[in-house]
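This is what each chain is made of:
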Amino acid sequence: MRIAILGCGWLGIELAKKLKKENHEVRGSVANIENMAKLREAKIIPYNIKLFEKGVQGDIRSFFSGCHVIIIAVPPGLRKNPKVNFVKKMRKVLPFVEKADPQKIIYISSTGVYKDEPGFPEYDENASTNNSSDKAIQLRNAELLFLNHKNWNISVVRFGGLFGGDRHPVKYLAGKKELKNPDAPVNLVHREDCINALEKLIGLKKDHSVWNVVYPEHPTRRDYYQREAREKGLEIPDFLENKKQKGKIISSRKLIDSGFKFQHPI
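Residues numbered from 1 in each chain as written. Predicted model: local features only at pLDDT ≥ 70, side-chain atom pairs only at ≥ 80, totals over all residues. Heavy atoms only, no water.

**Some details on helix α1 (residues 12–21)**
Taken together, the buried positions of α1 are occupied by G12, I13, L15, A16 and L19. Seen along its axis, α1 keeps its buried residues to an arc of 155 degrees; they face one direction. Looking at the packing, one finds that the buried side of α1 touches β1 (2–6), β2 (25–30), α2 (36–41), β6 (69–72) and α7 (191–202). Of the residues trailing α1, N23 is marked for its positive phi of about 70 degrees. (Buried < 20%, exposed > 50% of the residue type's maximum accessible area, 1.4 Å probe, protein only. Helix = DSSP H or I, 4+ residues; strand = E, 2+ residues; numbered from the N terminus. Arc of directions from axis to C-beta. Contact = heavy atoms within 4.5 Å.)

Structure follows, in structure tokens:
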């Protein structure tokens, strides 16, 4: 198959490499021209494409043209720049997807659409999303741009916190003091499980739904990050003993019931 991955970053490039090894023709896009060399080294057809609120820079029409599968893996960047209008950026991409008319579309989203609450509610894909957070509203509205095309074979994938390779969230928490929500559950997933889940969803001939992808164990933040810090020889993070805690549990039961097996414990 011909597969285009819009956004070959930390996750996208590893997915592209795996698909290439399986003899697919893979096109990948990066926003920084310096990163095109990494795609060439992996024999991925490189494109330099940048998304803006006012339009798209780069030959996105050619990038999508003739592709059987289009994967949208663009990080929203809302944590670094909360003022960005990510929905506008995705709206500029939409006409090019419509024109290409692929057999399959995968849109990568985030479990950030769900609200942290006292009591740590469990959310599946049918749960209401968070309407009190600008970030969550943008994430959901971007999903809806694609889901509103009722005739598309589209899977919207909500990943939990990603780790793998040299990336692990404990590195950002090591040595920090007075961290909140010590008893809140963690919702993490290894990059290789993400890639395996995406491959499974690519193979679905008919789909028009949302999929949570989070490892099905949820230790507390304190237990998990203090253990990981010890194992990695990092300074142990310290947590507040606050009573007003918030958090959530993300259920991947739908994916597991479809026959998917997670391979990498958190």
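Next comes the rest of the write-up.
**Section: the packing of α1 against α7**
Put simply, α1 and α7 touch, their axes get as near as 10 Å, and they point 55 degrees apart. By the criterion of interaxial angle, the relationship of α1 to α7 is oblique. Both α1 and α7 take part in a crossing whose hand is right-handed. Residues E14, L15, K18 and L19 of α1 form the contact with α7, whose own contacting residues are R191, I195, N196, L198, E199 and I202. Tallied by class, residues from the contact of α1 with α7 come to five nonpolar, one polar and four charged. (Axes fitted to C-alpha atoms, helices over the stretch in contact; angles between N-to-C directions. Parallel < 35°, antiparallel > 145°, perpendicular 65-115°, else oblique. Left-handed = near helix turned anticlockwise from the far one by under 90°. Nonpolar A, V, L, I, M, F, W, Y, C, P; charged D, E, K, R; others polar.)

**Notes on unusual backbone geometry**
Non-glycine residue K43 carries a positive phi angle of around 60 degrees. Structurally, K43 is set in the loop between α2 and β3 (45–48). Notably, F120 is not glycine yet its phi reads approximately 55 degrees, a positive angle. Relative to the elements of secondary structure, F120 occurs in the loop between β7 (104–110) and β8 (122–123).

**Here's the deal with the nonpolar core**
Ranked by size, the top nonpolar core spans 45 residues in total, and within it I5, I71, I106, I108, F159, V213 and Y225 carry the most contacts. At six residues, α7 tops the list of elements feeding residues into this core. Apart from the residues lying within four places of it in its own chain, the contact partners of I5 are G12, L15, A16, L19, V26, R27, G28, S29, F63, I71 and A73. (Core = buried A, V, L, I, M, F, W, Y, C linked by side-chain atoms within 4.5 Å.)

**Let's talk about the packing of aromatic side chains**
Any two aromatic rings considered together are summarised by their centre-to-centre distance and by the angle between their planes. As enumerated under the stated definition, the model contains eight aromatic pairs in all. Measuring from ring centre to ring centre gives 5.1 Å for F260 and F262, while their planes differ by 90 degrees; the resulting arrangement is edge-to-face. Under the relative-accessibility criterion, F260 is labelled buried at 7%. Assessed through its relative accessible area of 15%, F262 is described here as buried. Each member of the aromatic cluster is reached from another via a ring pair, and the members are Y47, F63 and F64. Lying over the aromatic face of W10, R167 brings its terminal NZ or CZ to 4.0 Å of the ring centre. Of note, K254 hangs over the ring of W211, and the distance from its end group to the ring centre comes to 4.2 Å. (Phe/Tyr/Trp six-rings, centres within 6.5 Å; stacked < 30°, edge-to-face > 60°. Lys NZ or Arg CZ within 6 Å of the ring centre and 35° of its normal.)

**Considerations on the packing of helix α4 (residues 86–100) against helix α5 (residues 134–147)**
Here α4 crosses α5 at 10 degrees, and the two axes come no closer than 9 Å. When the axes of α4 and α5 are compared, the pair comes out roughly parallel. On α5, the residues touching F86, V87, M90, R91, L94 and V97 of α4 are Q138, N141, A142, L145 and F146. Taken together, the residues that form the contact of α4 with α5 break down as eight nonpolar, two polar and one charged.

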